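Working through the structure, step by step
Spelled out, the chains give:
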Amino acid sequence: MRVLGVDPGLTRCGVGVVEGVAGRPLTMLGVGVVRTPSDAELGDRLVAVERGIEAWLDEYSPGYVAVERVFAQHNVRTVMGTAQASAIAMLCAARRGIPVALHTPSEVKAAVTGSGRAEKAQVGAMVTRLLRLDAPPKPADAADALALAICHIWRAPAQNRLQQAVAAHRTSGAPGAPRAPGVSRTSRTPGSSGNTPGATGTSGTTPGTPRTSGATGTSGTPRTSGASRAPRTLKGRTA
């Protein structure tokens, strides 16, 4: 894996290329700084940063670009310049189809030194040790760029596994996954089957009222089975 680390800035934009894989010794291929004059127009400075990063991409052809994530500071002017230079770096990489990764300063410090609050001197010392250099890169922006590349090489395998796990979870039929088109869930209303609790007999029968055997006559009077009938009269004779 070959990574170009970019520590964005308008006056000094640190760049460094590191090659290797996690768990094995890393190799520095190049390190430097893209500088722009502070008294130049903003547009001209951004063009200079773009040309400098493009030159590094042409020379080393990295597979990834790691850029420091911009975070809030008290100096708004510094934040704006850093954000603009960061956007230029991402633009140059996206134009070539190179994946871009953003890492916060705390993530970089923790990956290189083991502490997210390490000082720049500690970062430079660890970069020198990890890349087996004779002396820490100067200025500090160059060392930070190398630290960004190292951080991405070490964190990329874990991030890739996490992304693959998330993608597999989304495509599987895990709970919470969207239903297939045309499949609907029907809710069953209590008592819709006709078996209302407490009701006996057919519909129309008052719940809880038992049915009497035998048919009922009019006005609710039961018909007595086997009742005597009036005598039949045949032409004046009594039967």
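In case you missed it, the structure is sitting above this.
Right, let's walk through the structure included here. (Residues numbered from 1 in each chain as written. Predicted model: local features only at pLDDT ≥ 70, side-chain atom pairs only at ≥ 80, totals over all residues. Heavy atoms only, no water.)

**Observations regarding the sheet that holds strand β3 (residues 27–35)**
- Read from one edge of the open sheet, five strands run β3-β2-β1-β4-β5, paired in mixed fashion. Only two strands of the sheet have a single partner each, and these edge strands are β3 and β5 (100–103). Neighbour-to-neighbour, the strand axes of this sheet turn through a mean angle of 20°, independent of strand direction.
- Two elements, strand β1 (residues 2–7) and strand β2 (residues 12–19), share six bridges in a ladder whose sense is antiparallel. Each bridged residue has a counterpart across the sheet, and for valine 3 the counterpart in β2 is valine 18.
- Of the strands in this sheet, β1, β4 (64–68) and β5 are in contact with helix α2 (residues 76–95), which crosses β4 at around 170°. (Pairing = 2+ DSSP bridges. Helix = DSSP H or I, 4+ residues; strand = E, 2+ residues; numbered from the N terminus. Axes fitted to C-alpha atoms, helices over the stretch in contact; angles between N-to-C directions. Contact = heavy atoms within 4.5 Å.)

**Focus: α2**
- Helix length check: α2, at 20 residues, gives a terminal C-alpha distance of 28 Å against a target of 28 Å (1.5 Å per residue), a fit within 8%.
- For α2, the set of buried residues is Val79, Gly81, Thr82, Ala85, Ser86, Ile88, Ala89, Cys92 and Ala93.
- Where α2 is buried, its residues meet β1, α1 (42–60), β4 and β5.
- Positive phi appears at glycine 97, one or two residues downstream of α2, with a value of about 75°. (Expected span 1.5 Å × (residues − 1). Buried < 20%, exposed > 50% of the residue type's maximum accessible area, 1.4 Å probe, protein only.)

**A word on the packing of aromatic side chains**
- Evaluated as defined, the whole model comprises one aromatic pair.
- Ring centres of tryptophan 56 and tyrosine 60 lie 5.3 Å apart, and the angle between their planes is 25°; this geometry places the pair in the stacked category. Of this pair, tryptophan 56 and tyrosine 60 both sit in helix α1, four residues apart, which is roughly one turn of the helix. (Phe/Tyr/Trp six-rings, centres within 6.5 Å; stacked < 30°, edge-to-face > 60°.)

**Quick notes on unusual backbone geometry**
- Look at the link from lysine 138 to proline 139: it is a cis peptide, with omega at -5°.
- Examined against the element boundaries, proline 139 turns out to sit in the loop between α4 (120–130) and α5 (140–171).
- Backbone geometry at serine 61 places phi at a positive 45°, although glycine is not the residue there.
- Along the chain, the position of serine 61 falls in the loop between α1 and β4.
- Among the residues examined, serine 61 registers a relative accessible area of 54% and is labelled exposed.

**Brief notes about the packing of helix α3 (residues 105–113) against α4**
- For the pair α3 and α4, the least separation of the axes is 9 Å and the interaxial angle reads 50°. Considering the angle they form, α3 stands oblique to α4. Like other packed secondary-structure pairs, α3 and α4 cross with a definite hand, here left-handed. Where α3 abuts α4, its residues Lys109, Val112 and Thr113 lie against Gln122, Val123, Met126, Val127 and Leu130. (Parallel < 35°, antiparallel > 145°, perpendicular 65-115°, else oblique. Left-handed = near helix turned anticlockwise from the far one by under 90°.)

**A word on α1**
- Look at α1: 27 Å from first C-alpha to last across 19 residues, which is about the 27 Å you get at 1.5 Å a residue.
- Arg45, Leu46, Val49, Gly52, Ile53, Glu54, Trp56, Leu57 and Tyr60 are the residues of α1 that are buried.
- Structurally, α1 contributes buried residues whose contacts are with β1, β2, β3, β4 and α2.
- Positive phi shows up at serine 61, right after α1, with a value of about 45°.

**Thoughts on the side chain of serine 86**
- Note on placement: serine 86 falls in helix α2.
- Take serine 86: its relative accessible area is 4%, and that puts it in the buried class.
- When sequence neighbours within four positions are dropped, the list of residues in contact with serine 86 reads Pro8, Val67, Glu68 and Val70.

**Thoughts on the environment of methionine 1**
- Checked against the element boundaries, methionine 1 lands in the segment before β1.
- Residue methionine 1 is classed as partly exposed on the basis of its relative accessible area, which comes to 32%.
- Residues methionine 1 and glycine 63 lie 62 residues apart in sequence; the distance between their C-alpha atoms is 6.7 Å.
- Those residues within four positions of methionine 1 in sequence are excluded, and the remaining contacts are Val18, Glu19, Gly20, Val21, Tyr64, His152, Ile153 and Ala156.

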